[in-house]
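The lines below spell out each chain.
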Amino acid sequence: MATNLDDFTVIKEGEAEILMSKKNKVFFNKAQVNNRDLSIAVLRAFISKRKQEHEEYLSKKAKGAKKASENDTSEMAVEEVDNKTPPEDHKSNGKCELAEETSPGESCTTMEGSVKIDEECGADEEQVDDSEGKRPAELEPPRVLEALSASGLRALRYAREIEGIGQVVALDNDPASVEACRRNIKFNGSVAVSKVESHLADARVYMLENPKKFDVVDLDPYGSPSVFLDSAVQSVADGGILMCTATDMAVLCGSNGEVCYSKYGSYPTRGKYIHEMALRIVLASIESHANRYKRYIVPVLSFQKDFYLRVFVRIYTSASAMKETPLKLSYLYQCTGCDSFHLQPLGRTISKNTSVRHLPGYGPAVPQECTDCGRKFIMGGPIWSAPIHDQEWVASIIEDVNRMKSSYPAYEHISAILNTISEELPDVPLFLSLHNLSSTLKCTSPSAVIFRSAVINAGYRISRTHVCAIGLKTDAPMSVIWDIMRCWVKNHPIKGQPADQPGSIILSKEPVLQVNFARAVASLSKAQAKKVARFLPNPERNWGPKLRAGRTVTSKHISLLGEAALNEALNHEQDNEEEPKSKKPKIEEDNNATS
């Protein structure tokens, strides 16, 4: 059946073109161009890294085989000299017994998992992996699963723009979406036809039926990804990458804490850092699902922008490394009176010689009342408190993006995100808001440069964050932060306020630290020094997730679609029967979508 192009609009993004029905049948989100561009950049880095790791593996394997051959020769000589001595039980060169499944570069452990022997494993670990057939001699192109494809634009861009990509499987459980995806595959020519295939299937079932079959699994749902995580972590091959989007920011940011806990197993607290906390909640949830199958995650890149967040994590299998998970998770204590917050790690380790024991974390991390303002704490979490980016990957991605800037439609936006992420302190969870600190004390706010200089002069580190334009990450304790603000208020007096207010209680204490506000050399970030914009405005008005496919378009949706798009949609529906004016159309609201 021939396609009538009059019924469609041709949309071009990157090297892919899709036919979109003028009716709202299949969801397409123009605002996610930043998401798709960053995904392509990460996949290019993944393919390069995967190839490099495979070459290193082959090199270690060759060295291990040579070493094993030399050991066999020496053992034969010893047996000829002393044939009366019974042979020892030789396991992995007699040095360490490997766990059932290990990830590349992981330290070996005993069967009890309590003793790590880093120096004695070496090449033998690679021999065991190879004997189990985990790594083929020849590296196959990575297989990609786009679990929720809709129009198929993302899958088509992967196939057409990423060199070295293998098969791309696009799934959807909506017949209209699968029909649109197959139409778009044909519309994009022979390359797309040879690499992309579309299936009508429930993504959860399909991923469960294909365990460890895909090197890349991409989850980009309209709303929460929580129902897909359990099957997704099983479908990713060892060393593969899971890319996951969440657009239910209202839930993740604490508007319905109990709903967030039911979906992600974590309770959010309301603070200026909440968007970064949302990232860490999703990472903790993915780790929790992975642990059930003796797997664990290594975050590569995590970012939050506009109305959604996106995380990229590699997944490995190792029962021993999985024991490190409690060290990467923390509960959060947030003061109800001021902006002080504290983290409580779930676990800790103690070492004695070569023995390592995993134990519960020490607590409590805070007293009953805040030492700064005397108010109570609320508790949130658990959240992922380990690094959320791999700075080596970020640097590699930035280099690739700058080299191929013409290939990225949203180059300026993704470049701004990546450059800001590259300057974040990797080992500092969450951040402070300078405006919130000033609001607590009812004082004028110091400039970011002055505040950063004071922290640096006190001997601590500080950086910006990609999540918030006024957010500051620092390893300085809250006592130092409040001392800086006390000294600032002494130089910039404020009006009197009630004695029982948190700000009054904080200012009633004399600062212990003698603060130096002299401008520090490192007070400006690299982006600021080069006058590079980090937080760009949206490219057009009404920039958001748009209306979900299948919904009736009415004047109620002008804030989502914009006036021009709304008029076009309404004009296209003139042939439909007009609804009675006495009754307002009932539009089902989606709690997961945010503007």
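Everything here concerns the structure above.
Rules of the game
- Residues numbered from 1 in each chain as written.
- Predicted model: local features only at pLDDT ≥ 70, side-chain atom pairs only at ≥ 80, totals over all residues.
- Heavy atoms only, no water.
- Helix = DSSP H or I, 4+ residues; strand = E, 2+ residues; numbered from the N terminus.
- Buried < 20%, exposed > 50% of the residue type's maximum accessible area, 1.4 Å probe, protein only.
- Contact = heavy atoms within 4.5 Å.
- Areas by Shrake-Rupley, 256 points an atom, 1.4 Å probe, with all protein chains shown as cover.
- Pairing = 2+ DSSP bridges.
- Axes fitted to C-alpha atoms, helices over the stretch in contact; angles between N-to-C directions.
- Core = buried A, V, L, I, M, F, W, Y, C linked by side-chain atoms within 4.5 Å.
- Domains from an automatic or database assignment.

### A word on the overall build of the protein chain
Right, on to step 1. Check the secondary structure of the protein chain and you find 21 helices and 17 strands.
Right, on to step 2. Every one of the 595 residues in the protein chain was classed for burial, and the buried ones make up 49%.
Right, on to step 3. Of the contacts made within the protein chain by residues no fewer than 6 positions apart, 69% connect residues no fewer than 24 positions apart.
Right, on to step 4. Of the roughly 29100 Å² that the protein chain leaves accessible, carbon and sulfur atoms contribute 51%.

### Regarding the sheet that holds strand β3 (residues 144-146)
Right, on to step 1. Spatial strand order, β5-β4-β3-β6-β7-β9-β8: seven strands in an open sheet with mixed pairing. The open sheet has two free edges, formed respectively by β5 (196-200) and β8 (295-305), since each of these has just one partner strand. Averaged over all pairs of adjacent strands, the angle between their axes in this sheet comes to 15°, without regard to strand direction.
Right, on to step 2. Both β3 and strand β6 (residues 214-219) contribute to a ladder of three bridges, which runs parallel. What sits directly across from L145, in β6, is V217.
Right, on to step 3. Sheet strands in contact with helix α9 (residues 226-235) are β3, β6, β7 (236-246), β8 and β9 (308-317), and its direction is about 150° off that of β7.

### A closer look at the pairing of strand β12 (residues 347-352)
Right, on to step 1. Relative to strand β13 (residues 355-360), β12 runs antiparallel, the two sharing six bridges. Within β13, the position partnered with T349 by the bridge is H358.
Right, on to step 2. Hairpin connection between β12 and β13: a loop of two residues separates the two successive antiparallel strands, and N353 in this loop has a positive phi of roughly 60°.

### A closer look at α9
Right, on to step 1. In terms of burial, α9 is largely enclosed, as eight of its 10 residues are buried.
Right, on to step 2. Within α9 the residues assigned to the buried category are S226, F228, L229, S231, A232, V233, Q234 and S235.

### Some words on the nonpolar core
Right, on to step 1. The biggest cluster of nonpolar side chains holds 81 residues, and the ones touching the most others in it are L219, L242, L252, I286, L309 and F451.
Right, on to step 2. Ranked by residues supplied to this core, first place goes to helix α12 (residues 274-291) with 10 residues.
Right, on to step 3. If you count residues domain by domain, this core takes at least three from each of domain 1 (8-48 + 140-407) and domain 2 (431-530).
Right, on to step 4. Apart from the residues lying within four places of it in its own chain, the contact partners of I286 are L229, V233, L242, C244, I297, V311 and V313.
Right, on to step 5. Listed in part, the 50 residues of the second largest apolar core include F28, V33, I40 and I241.

Spatial relationships are all this shows, so hold off on functional conclusions.
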